[in-house]
Amino acid sequence: MKKTVRIGKVEDQDEFRREDIRKMSPGARVDMVLKMQSQFFKWNLNPKIERTASIRKMN
């Protein structure tokens, strides 16, 4: 795993994040969003929340 450490101002953080996301492939972006969504909603731990979407792989 390659880690990048950037030294910058607080004001530069948004641009750093945008640059990193621009470099990601579309599939990696979707994976990141799904992982964040899963961590936030904790689908498997909260049976009261019904998942209404399904995931399909596009060719």
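Let me sum up the structure you'll find in this document.

Reading guide: rules and limits
Residues numbered from 1 in each chain as written. Predicted model: local features only at pLDDT ≥ 70, side-chain atom pairs only at ≥ 80, totals over all residues. Heavy atoms only, no water. Helix = DSSP H or I, 4+ residues; strand = E, 2+ residues; numbered from the N terminus. Buried < 20%, exposed > 50% of the residue type's maximum accessible area, 1.4 Å probe, protein only. Salt bridge = Lys/Arg side-chain N within 4 Å of Asp/Glu carboxyl O.

**Looking at the overall build of the protein chain**
Right, on to step 1. For the protein chain, the helix and strand inventory stands at two helices and zero strands.
Right, on to step 2. Expressed as a percentage of its 59 residues, the buried residues of the protein chain come to 2%.

**Some thoughts on the pattern of salt bridges**
Right, on to step 1. Following the criterion strictly, the structure yields four salt bridges and no others.
Right, on to step 2. Residue Arg6 pairs with Asp20 through a salt bridge whose shortest N-O separation is 2.7 Å. Remark: Asp20 occurs in helix α1 (residues 13–23) and Arg6 occurs in the segment before α1; sequence separation between them is 14 residues.
Right, on to step 3. Across the pair Glu15 and Arg22 runs a salt bridge whose closest N-O atoms are separated by 3.2 Å.

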